[in-house]
Amino acid sequence: MTPLLSVVIPVRNEAQALPGLLDDLADLRATGAELILVDGGSSDGTCELALGRVDQLLRTAPGRALQMNAGAAVARGEYLWFVHADTRVSVESLESLQGALKERPLWGRFDVRLSGPGLALQVIGAMISLRSRLSGIASGDQGIFVARQHFEAMGGYAQMPLMEDLQLCRRLKALARPRCLRPPLSTSSRRWEQHGIWRTVVLMWCLRLAYYCGASPEKLARQYRRGSLL
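What comes next concerns the included structure. (Residues numbered from 1 in each chain as written. Predicted model: local features only at pLDDT ≥ 70, side-chain atom pairs only at ≥ 80, totals over all residues. Heavy atoms only, no water.)

A closer look at the side chain of Arg109
Tracing the backbone through its elements, the reader meets Arg109 in strand β6 (residues 107–114). When its relative accessible area of 0% is taken as the criterion, Arg109 is described as buried. Setting aside its immediate chain neighbours within four residues, Arg109 contacts Ser129, Ser132, Arg133, Ala138, Gln142, Gly143, Ile144, Phe145, Arg179, Cys180 and Leu181. (Helix = DSSP H or I, 4+ residues; strand = E, 2+ residues; numbered from the N terminus. Buried < 20%, exposed > 50% of the residue type's maximum accessible area, 1.4 Å probe, protein only. Contact = heavy atoms within 4.5 Å.)

A closer look at the pairing of strand β2 (residues 34–39)
Buried residues dominate β2, accounting for 6 of its 6 residues. Residues Glu34, Ile36 and Val38 line one face of β2 and the alternating positions Leu35, Leu37 and Asp39 line the opposite face, and both faces are buried. Note that strand β1 (residues 5–11) and β2 share 6 bridges and pair parallel. Each bridged residue has a counterpart across the sheet, and for Val11 the counterpart in β2 is Asp39. In the classification by handedness, the crossover that spans β1, the intervening helix α1 (residues 18–30) and the parallel β2 is right-handed. Bridging between β2 and strand β3 (residues 56–59) involves 4 bridges; their strand directions are parallel. In the strand pairing of β3, Leu37 is matched with Leu57. (Pairing = 2+ DSSP bridges. Right-handed = clockwise from strand over helix to strand, strands pointing away.)

Focus: the packing of aromatic side chains
This structure, assessed with the given rule, holds 6 aromatic pairs. Taken together, a centroid distance of 5.3 Å and an interplanar angle of 40° make the contact between Phe82 and Phe151 tilted. Of this pair, Phe82 sits in strand β4 (residues 79–82) while Phe151 sits in helix α6 (residues 148–153); the two residues are 69 residues apart in sequence, bridging distant segments of the chain. An identical accessibility class is assigned to Phe82 and Phe151; each is buried. When the ring of Phe82 is compared with that of Tyr157, the centres are 5.1 Å apart and the planes differ by 80°; the resulting orientation is edge-to-face. You can see Phe82 sitting in strand β4 and its partner Tyr157 sitting in the loop between α6 and α7 (164–173), a full 75 residues away along the chain. (Phe/Tyr/Trp six-rings, centres within 6.5 Å; stacked < 30°, edge-to-face > 60°.)

Observations concerning the packing of helix α5 (residues 119–135) against helix α9 (residues 197–212)
Relative orientation of the contacting elements α5 and α9 amounts to 20°, with a least axis distance of 11 Å. Taken as axis vectors, α5 and α9 run roughly parallel relative to one another. In this structure, the crossing between α5 and α9 has a hand that is right-handed. Where α5 abuts α9, its residues Ala120, Leu121, Ile124 and Arg131 lie against Ile197, Trp198, Val201, Trp205 and Arg208. (Axes fitted to C-alpha atoms, helices over the stretch in contact; angles between N-to-C directions. Parallel < 35°, antiparallel > 145°, perpendicular 65-115°, else oblique. Left-handed = near helix turned anticlockwise from the far one by under 90°.)

Quick notes on the packing of α9 against helix α10 (residues 217–226)
Contact pair α9 / α10: the axes reach a minimum separation of 10 Å and the direction vectors enclose 175°. With respect to each other, α9 and α10 are oriented roughly antiparallel. Residues Leu203, Met204, Leu207, Ala210 and Tyr211 of α9 pack against Leu220, Gln223 and Tyr224 of α10. Considering only residue class, the contact of α9 with α10 consists of 7 nonpolar, 1 polar and no charged. (Nonpolar A, V, L, I, M, F, W, Y, C, P; charged D, E, K, R; others polar.)

Here it is in structure tokens:
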């Protein structure tokens with residue numbers, strides 16, 4: 001029987017975060033959803049933690065777009081849901097997704113909140129969600145879901161080292177506005193905490209602006225990894 005949903009989880013050295021996500025998705029899997037983990041060369045035991053808890057475990061070269069496309073290529077579900085390993089999913093979010101899929105949308109995404117404490121991180125999460133609702137563009141942290149036939153017809157994610165999520169959303173938006181689900185996914189705030197909250201905000205806005213102005217995704221990926229525009 002074809003499952004309604006295949007969840008594709010790209011990972012690389014996520015042994016600390018992954019068990020929490022798999023716990024969140026266990027009941028969804030028990031009701032028939034397919035879980036696909038795509039590892040990009042972990043060396044911390046990530047894959048071992050997933051044994052018996054996912055339906056397919058793939059190994060590829062590193063690269064989020066490459067990994068997600070690999071997962072999508074073997075998925076059987078009518079819908080693909082791309083979820084980052086450092087995401088936590090509430091029962092309310094799962095119920096919202098299951099309800100939305102019954103209406104057969106072309107694609108959609110969730111609101112998001114950052115996991116760390118403090119008002120600043122709460123505000124940033126709210127602004128990300130608002131920006132996405134206004135623009136119809138989502139980031140990968142927002143749990144993009146899409147009908148598999150449309151994803152395949154579009155050729156999947158572009159093989160880019162960064163901004164592959166924005167590029168996909170721009171193509172999908174040309175076909176339909178996304179379904180925007182309010183129960184937020186929780187995504188790790190580790191990057192904001194490591195590099196500084198407002199420094200990271202400025203960096204992300206500058207990277208987006210540079211991408212829309214035609215900057216090379218390869219160059220932007222190097223700046224993203226450094227956490228600096230310099």
